[in-house]
Amino acid sequence: MDVAKTYDVAIVGYGPVGQALATLLGRQGLSVLVLEKRAVLYPLPRACHLDHEAMRILQAMGISEEIDAAMVPAREYLLLRSDMSVLSNLPRNWETPSGWEASYHFYQPEIEGIFDDTARSTPGVTVHQSTAARTVTDLGDRVALTVEGQDEPIIARYVIGADGANSLVREQIGIAREDLGFEATWVVVDVEMKEGSEAPNVPDTGQILDPLQPSHMAWLGGGHYRWEFMIVDGCDPVEAARPENVWPKLERWLTEDTATVLRSTAYTFRSLVATTFNRSRVLLAGDAAHLMPPFMGQGMVSGLRDAVTLSWILTMVLKGTAPMEFLNAYTESRKPHVTEYITESVRVGQMVCETDPVKASERDRKLETRTESSPPFQPRLGGGFVDGPLGGRLAVQPRISSRGGALLDDVLGHSFALLTLSPDLHADLSPTAGARLKQLGVSVAAIVTTTPVEEVTGVPILVEQGDRFGAWLGAVRGDWVLVRPDGYVFDAGAGTRSLEESIDTLHAYVTVCSSRLSENDDAARGRMAPSGVTVGS
Ligand SMILES: O=C(O)CCc1cccc(O)c1
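Residues numbered from 1 in each chain as written. Predicted model: local features only at pLDDT ≥ 70, side-chain atom pairs only at ≥ 80, totals over all residues. Heavy atoms only, no water.

Under the annotation held in an unreviewed UniProt entry, the protein carries the name 3-(3-hydroxy-phenyl)propionate hydroxylase and is attributed to Arthrobacter ginsengisoli.

Pasting the structure below:
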């Protein structure tokens, strides 16, 4: 550890979110120091589900293919009666905007090694394990971090607490959490089948809605499975997780002859969100910023969303493109968005955890008679986009046939992007708009369905596979879209005039910063969606 050096960013915590942040920030050419109190990676599985959006983030880290090979698609989510008959099926086989499967399962130790190798091999990233952070002090223009067993502080321009639910960083800077009211203790059991044993009859994801014993089971790929059993009888959690109490619950599917229990532990699911994710030079990400019950499989995905959004916002601030107040854009974007996931996970959790037999029968009747399936849950960002039909939504990522079927982000890179349905729009832009696109590092491309289209100097013309992108933009009568580096739409519209206006708004948003837009640029402020979040305090 170089105590004479000022690091751009110090990250406390080296789970998947810390690893993703280190990789994404290092890839931007920043110097990143990671401090982790554990000597080795946490050896046991915790998360087990990623979605299409997480895969797009892994693309930005350069590891989507490798991780994809280590996971299995999770296409069914069954709500089951206690006799295992199906009450309702919530299939996850829809066509996603990101171009990946809707859901995947994995065995965390198998993928965390890939995250770790990638972070460590990223230039600019230094990882120190067995190093426990002790204090975090904001010095105004830098942050000092002390670690156990060392007198000299470590200095960084910004510090990120990715140090989990009991975050020391959050505690040190005094950020409180709001409780959204869910609490339930479950026993979580990870199992590996013994060589030669037959696979148990388990769906990709199954929730057993038995008021006497709400339970969860999932196939995590290969011989790995997870079961979870809610503690319903007031039993002591440590007792409930003991093998002698767990095996009887598993015997419907397994015996000690066919499977080994890798982990059995009691865990209390909660719903908490930090009041702000940024204060001065200190930021929070992942479980340090929010906790949700696991029923939608969105815990790790939400942490990865934090990583991708924070990394572009912090990079713009560190490189001087945006003022420091632009860090408020991180909380504005992420806090309301993750709060929606927490609220929805609590709703699903309350349905699953029902132990009152009368209410459970009522719930089952509603599920049995349900005719319409709900659309996939895809909330908008909390702020940082222009109000409109696509603003704040995930942008469609097409495959580009003219680049061997590569996904768009891999063709363009992971910066802001201006995508149009015709190259003419670029040709008509004013020099000021062109200069602003350059200043913000915006990649430009025209996405068409057929070749040939006349070349416009400097604008790549990309032919998409099928017409998903064209249809998506066409459905809102748009012919251009500005996409943020985290894959969410900043704005979409039609024609050069509205595009020029939107480039002005984007420029003002980043360089003036949303919280000061009113003083400087009323027009731009008027177009931005209100975030309704108080940040940084
Ligand atoms: O989303 C999935 O496929 C799994 C979500 C889930 C549900 C219940 C418990 C749990 O640990 C994960």
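Having seen the model, we can carry on.
(A) The overall build of the protein, seen in detail. Each helix and strand counted, the protein has 17 helices and 26 strands in total. For 537 residues, the compact-globule estimate of 2.2 N^0.38 gives 24 Å, and the protein sits close to it at 24 Å. If one aligns the C-alpha atoms of the protein with their principal axes, the spans along those axes are about 75 × 60 × 45 Å. Taking all contacts inside the protein whose residues are at least 6 apart in sequence as the whole, residues at least 24 apart take part in 72%. (Helix = DSSP H or I, 4+ residues; strand = E, 2+ residues; numbered from the N terminus. Rg over C-alpha atoms; globule rule 2.2 N^0.38 Å. Contact = heavy atoms within 4.5 Å.)

(B) Representation of the confidence of the model for the protein in the model. Scored by pLDDT, the protein has a mean of 94; 95% of the residues are at 70 or more. Among the scores for the predicted complex, ipTM is 0.95 and pTM is 0.96. (pLDDT = per-residue confidence, 0-100.)

(C) Quick look at the packing of aromatic side chains. Tallied over the entire structure, the rule returns 14 aromatic pairs. Measuring from centroid to centroid gives 5.1 Å for Trp-312 and Phe-416, while their planes differ by 70°, and the two rings are edge-to-face. Here Trp-312 is found in helix H8 (residues 299-318), whereas its partner Phe-416 is found in the loop between helix H11 (408-412) and strand S22 (417-420), with 104 residues between them in sequence. Across this residue pair, the class does not change: Trp-312 and Phe-416 are buried. Three or more aromatic residues joined by ring pairs make a cluster, and in this case those are Phe-182, Trp-186, Tyr-267, Phe-269 and Phe-295. (Phe/Tyr/Trp six-rings, centres within 6.5 Å; stacked < 30°, edge-to-face > 60°. Buried < 20%, exposed > 50% of the residue type's maximum accessible area, 1.4 Å probe, protein only.)

(D) The site of the ligand, seen in detail. Taken together, the residues surrounding the ligand are His-49, Arg-92, His-105, Thr-205, Gln-207, His-216, Glu-228, Pro-294, Phe-295, Met-296 and Gly-297. Interatomic distance of 2.6 Å between a side-chain N/O atom of His-105 and an oxygen atom of the ligand. Taken together, the residues that form the shell around the ligand break down as three nonpolar, six polar and two charged. (Near = heavy atom within 4 Å. Polar contact = N/O pair within 3.5 Å; in protein donor to acceptor, adjacent residues only side chain to side chain. Nonpolar A, V, L, I, M, F, W, Y, C, P; charged D, E, K, R; others polar.)

(E) Highlighting the domain arrangement of the protein. By domain assignment, the protein separates into domain 1 (6-70 + 107-177 + 271-350) and domain 2 (399-526). Measuring from the centre of the C-alpha atoms in domain 1 to the corresponding centre in domain 2 gives 28 Å. On the side of domain 2, 20 residues touch domain 1, which itself brings 19 residues to the contact. Of the roughly 1700 Å² buried between domain 1 and domain 2, counting both surfaces, carbon and sulfur atoms make up 51%. Between the two partners, domain 1 and domain 2, sit one salt bridge. Between Asp-409 and Arg-56 there is a salt bridge; the shortest N-O distance is 2.8 Å. Linking domain 1 to domain 2 there are seven residue pairs in polar contact (both at pLDDT 80 or more). The set of elements that each furnish at least two residues to the side of domain 1 that touches domain 2 consists of helix H2 (52-61), H8 and helix H9 (328-352). (Domains from an automatic or database assignment. Buried area = accessible area lost by both parts, 1.4 Å probe. Salt bridge = Lys/Arg side-chain N within 4 Å of Asp/Glu carboxyl O.)

(F) Representation of the nonpolar core within the structure. Ranked by internal contacts, the top residues of the largest apolar core, which has 118 residues, are Ile-11, Leu-21, Leu-50, Ile-160 and Leu-314. Counting residues per element, this core draws most heavily on H8, which supplies twelve residues. Counting contributing residues, this core receives three or more from each of domain 1 (6-70 + 107-177 + 271-350) and domain 2 (399-526). If near-sequence neighbours (up to four positions away) are discounted, Leu-50 is found in contact with Leu-58, Met-71, Ala-102, Ser-103, Tyr-104, Phe-106, Ile-111, Met-300, Val-301 and Leu-304. The next biggest cluster of nonpolar side chains, apart from the first, holds 21 residues, and it includes Leu-78, Val-191, Ala-240 and Trp-247. (Core = buried A, V, L, I, M, F, W, Y, C linked by side-chain atoms within 4.5 Å.)

(G) Broad picture of the packing of helix H1 (residues 16-26) against H8. It is at 9 Å that the axes of H1 and H8 come closest, and there the two elements cross at 25°. On the basis of their axis angle, the class for H1 and H8 is roughly parallel. Here H1 runs over H8; the crossing is right-handed. Two secondary-structure elements touch here, H1 through Pro-16, Val-17, Ala-20, Leu-21, Leu-24 and Leu-25 and H8 through Met-300, Gly-303, Leu-304, Ala-307, Val-308, Leu-310, Ser-311, Leu-314 and Thr-315. (Axes fitted to C-alpha atoms, helices over the stretch in contact; angles between N-to-C directions. Parallel < 35°, antiparallel > 145°, perpendicular 65-115°, else oblique. Left-handed = near helix turned anticlockwise from the far one by under 90°.)

(H) Main features of the pairing of strand S9 (residues 133-138). The sheet contact formed by S9 and strand S10 (residues 143-147) spans five bridges and is antiparallel. Residue pairing for S10: Ala-133 is matched across the bridge by Val-147. Hairpin connection of S9 to S10: four residues between the antiparallel strands, including Gly-140 at a positive phi of 95°. (Pairing = 2+ DSSP bridges.)

(I) Broad picture of the environment of Thr-137. For Thr-137, the location among the structural elements is in strand S9. Among residues more than four places away in sequence, those in contact with Thr-137 are Arg-142, Val-143 and Ala-144.

(J) Focus on the sheet that holds strand S3 (residues 49-51). One open sheet accounts for three strands, arranged S3-S7-S4; its pairing is antiparallel. The sheet is open, and its two edges are formed by S3 and strand S4 (72-73), each paired on a single side. Relative to strand S7 (residues 103-105), S4 runs antiparallel, the two sharing two bridges. Paired with Pro-73 across the bridge in S7 is Tyr-104.

(K) Layout of the sheet that holds S22. The strand order S24-S23-S22-S25-S26 describes an open sheet built from five strands, whose pairing is mixed. Each having just a single partner strand, strand S24 (461-463) and strand S26 (489-493) make up the two edges of the open sheet. Pairwise comparison of adjacent strand axes, ignoring direction, gives a mean angle of 25° for this sheet.

(L) Structural view of the environment of Leu-272. Structurally, Leu-272 can be placed in strand S16 (residues 259-274). Residue Leu-272 is classed as buried on the basis of its relative accessible area of 10%. A C-alpha to C-alpha distance of 37 Å links Leu-272 and Ala-199, two positions 73 residues apart in sequence. Every residue in contact with Leu-272, bar those within four places of it in the chain, is listed here: Arg-177, Glu-178, Asp-179, Ala-289, His-290, Leu-291 and Ile-342.

(M) Molecular detail of the side chain of Glu-354. As for its position among the elements, Glu-354 is in the loop between H9 and helix H10 (357-369). Although Glu-354 is buried, it forms no salt bridge, and the closest oppositely charged side chain is Lys-359 at an N-O distance of 5.2 Å. At 3.0 Å, the side chain of Glu-354 and the backbone nitrogen of Asp-356 are in polar contact. Apart from residues lying up to four places away in sequence, Glu-354 is in contact with Pro-211, Pro-214, Lys-359, Ala-360 and Arg-363. (Lys, Arg positive; Asp, Glu negative; His and termini not counted.)

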